[in-house]
Amino acid sequence: MATRRADVPDPRSARTETEFVDALRALKDRSRLTYRMLAERAEARGDVLPRSTLANALTRDAVPREDVVAALVRACGCDEDVVGEWLAARRRVVSVAAERDSEAAGAPAVGAPAARTPAGSSRSARSRSGGFLARAGRTRGVRWAAAALVLGVLVAGTVLVTLVRGGGEDRQSADRLPPEGRVTVRAAHSGLCLTEGRERNKRSDRPLAVQNDCERAAASPPVTLLERVDDGIYRLKWSHPEHGTGCLAVDEGGTHDGYLIAPQSCTEDQPAQRFLVEPVDSPAEDGFRLRPLHSGKCVGFVDPAKAPGAELVQSSCTDSAEQEFFITARPGGAG
C-alpha cells in the first residue's frame, strides 16, 4: 500500500484530465521546488525531465506523457507506490475522456485524444471590474471567433502530445530568456506596443491591456515591467504614477477563450497573474508567446486584431503572429 505524506495531493480523486493536471500543479507547488531543482532531482534519479518540458506540461490542460508524470512525481519525493497511483489515475482519466469524446462523435473509442479544445466556436470576450486601476462597469465583452488546434497521435498504444513548435526542448530558442525590469512589449503581427486602453465597444471605462502606437505607449503611463517568478514564469506589471503598481491578469481567472487581460492588485501565488514566456522563432524570429499559467492558453487580440486599441485576450494557441510578441529592454533600468 502506498505511503502518502499529508501534503501530497491524491490523484485518485481526479475525475477529468483538467483535474488531473491541476493535481500535478498542486504537487509541484507544495514541493516548493523550482523547475530547475525538479529537473536536477529527476536527473539524479535517472529520469529525463527538461525544464521546458515540465513548464509546458504544467501550463496545459492536456495530460502529460506517462514518463513526464512519473519523473515529476519521483522528483517531488514520492515513492514508487505513489508513482504507480499517479500513473493509474492518468490512464483512467485519459480513458474516460476518450470514451466521452467517442460518444460525442458517435464512433467507437480508438484511443485517448491528445487535446480537446472547442473548435470554431464564437465566444464573447469576458471582463470584470474591480482591482488595480479599476473603473466602473461589468461587460459581456466583444464577440470574436477562435479556431482551436486539435492533434492526436497514437504510437504503440501511447498518445504522444507535441504542442511545442519545432520540438520543444530541442530547439535552440528554448533557453532564450526575455529581459527583466522595464520592457517594451510589441505585437509581431501589427508592430504596435502594449499599453493601457479601454474597450472599443464602450461597454465599460475600465483599464485594459491593449496595443497602440509605440511612441505613444512609451510617452504615456503605465510603464510595463517583466518580473521573473520561476524558470520561464513571469508577471507582467504596470507601474503608474497615480495608481501605483499592479499585475496584468486574465479576467476572473477564466480558463476558456475570450477573457480579456486587465490590471489588478498583485497577489502572491495567483496563477492568473503569471505567464509562461515561451520563446518562438515562427512566424517571426526572436519572439515570445505569453501563456497564462492557470490555463495554458495563449494571449492574442480581439478582432480587428491589427487595429490600434485592439484588446489583449486569452485564446487557444495557434501558429499565428497575432500571438507572438517581441520583448525588449526599455531605458530606465530594472525598477
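Engineer: How should the packing of helix α2 (residues 35-44) against helix α3 (residues 51-58) be read in this particular structure?
Structural biologist: The description of two helices packed together rests on the angle between their axes and the distance between the axes. It is the contact of α2 with α3, at a shortest axis distance of 9 Å, that shows an interaxial angle of 120 degrees. Here α2 is positioned oblique relative to α3, judged by the angle of their axes. Every pair of crossing elements has a handedness; the one defined by α2 and α3 is right-handed. Two secondary-structure elements touch here, α2 through Tyr 35, Arg 36, Leu 38 and Ala 39 and α3 through Arg 51, Leu 54, Ala 55 and Leu 58.

Engineer: Explanation requested: the side chain of Arg 235 in the structure shown.
Structural biologist: Mapped onto the secondary structure, Arg 235 falls in strand β9 (residues 233-240). Residues within four places of Arg 235 in sequence aside, it is in contact with Leu 225, Leu 226, Glu 227, Val 229, Cys 247, Cys 266, Thr 267, Glu 268, Gln 273 and Arg 274.

Engineer: Explain the confidence of the model for the protein here, please?
Structural biologist: Detailed conclusions should not be drawn from predicted coordinates in areas where pLDDT is low. Looking at the protein, pLDDT values average 78 and 75% of them are 70 or higher. Here residues 107-124 scores under 50 on pLDDT; set against residues more than four positions off or in separate chains, the count is 52 contacts. Segment residues 126-172 is flagged for pLDDT under 50; beyond a separation of four residues in sequence, or across chains, it makes 128 contacts in the model.

Engineer: How should I be thinking about the packing of α2 against helix α4 (residues 66-75) in this particular structure?
Structural biologist: One can describe the packing of α2 onto α4 by two numbers: an axis separation of 9 Å at closest approach and a directional angle of 100 degrees. Between α2 and α4, the angle falls in the class roughly perpendicular. On α4, the residues touching Leu 38, Arg 41 and Ala 42 of α2 are Ala 71, Leu 72 and Ala 75. Taken together, the residues of the contact of α2 with α4 sort by class into 5 nonpolar, no polar and 1 charged.

Engineer: How should the state of the cysteines be read in this particular structure?
Structural biologist: Think of a disulfide as a covalent bridge from one cysteine sulfur atom to another cysteine sulfur atom. Summed over all chains, the structure comprises 3 disulfides. Shown here is the disulfide that connects Cys 193 with Cys 214, its sulfur atoms set 2.0 Å apart. The sign of the 85 degrees torsion about the S-S bond sets the Cys 193-Cys 214 disulfide as right-handed. Here Cys 214 lies in helix α6 (residues 214-219) and Cys 193 lies in strand β6 (residues 193-197), a separation of 21 residues in the sequence. For Cys 193, a relative accessible area of 3% translates into the label buried. Residue pairing for Cys 298: its cysteine sulfur links by disulfide to Cys 317, the two sulfurs lying 2.1 Å apart. Residues Cys 298 and Cys 317 are joined through a disulfide that is right-handed, its torsion about the S-S bond being 95 degrees.

Engineer: Honestly, the pairing of strand β8 (residues 223-230) in this entry has me stumped. Any pointers?
Structural biologist: Moving residue by residue along a regular strand, the side chains alternate between the two faces of the sheet. Both strand β5 (residues 181-187) and β8 contribute to a ladder of 2 bridges, which runs antiparallel. From the neighbouring strand, Gly 181 faces β8, where its bridge partner is Leu 226. Relative to β9, β8 runs antiparallel, the two sharing 7 bridges. In the strand pairing of β9, Leu 226 is matched with Leu 236. Between β8 and β9, which pair antiparallel and follow one another directly, the connecting turn spans 2 residues, one of which, Gly 232, has a positive phi of 80 degrees.

Engineer: I would appreciate a short explanation of the pairing of strand β10 (residues 244-250) in the present structure.
Structural biologist: For β10, a buried count of 5 out of 7 residues is recorded, marking the element as mostly surrounded by other parts of the structure. Inspection of the sheet shows β9 paired to β10 by 4 bridges, in the antiparallel sense. When the sheet's bridge partners are listed, Lys 237 is paired in β10 with Cys 247. Linkage of β9 to β10, two consecutive antiparallel strands, is achieved through a turn of 3 residues. Sheet topology note: the β10/strand β11 (residues 261-264) ladder contains 4 bridges and is antiparallel. Counterpart to Leu 248 in the pairing with β11 is Pro 263.

Engineer: What should I look at first to understand the environment of Arg 186 in this one?
Structural biologist: Looking at where Arg 186 falls in the secondary structure, it is placed in strand β5. Discounting residues that sit within four places of it in the chain, Arg 186 has contacts with Gly 191, Leu 192, Cys 193, Cys 214, Glu 324, Phe 325 and Phe 326.

Rules behind the numbers
- Residues numbered from 1 in each chain as written.
- Predicted model: local features only at pLDDT ≥ 70, side-chain atom pairs only at ≥ 80, totals over all residues.
- Heavy atoms only, no water.
- Axes fitted to C-alpha atoms, helices over the stretch in contact; angles between N-to-C directions.
- Helix = DSSP H or I, 4+ residues; strand = E, 2+ residues; numbered from the N terminus.
- Parallel < 35°, antiparallel > 145°, perpendicular 65-115°, else oblique.
- Left-handed = near helix turned anticlockwise from the far one by under 90°.
- Contact = heavy atoms within 4.5 Å.
- pLDDT = per-residue confidence, 0-100.
- Nonpolar A, V, L, I, M, F, W, Y, C, P; charged D, E, K, R; others polar.
- Disulfide = S-S within 2.5 Å.
- Buried < 20%, exposed > 50% of the residue type's maximum accessible area, 1.4 Å probe, protein only.
- Pairing = 2+ DSSP bridges.

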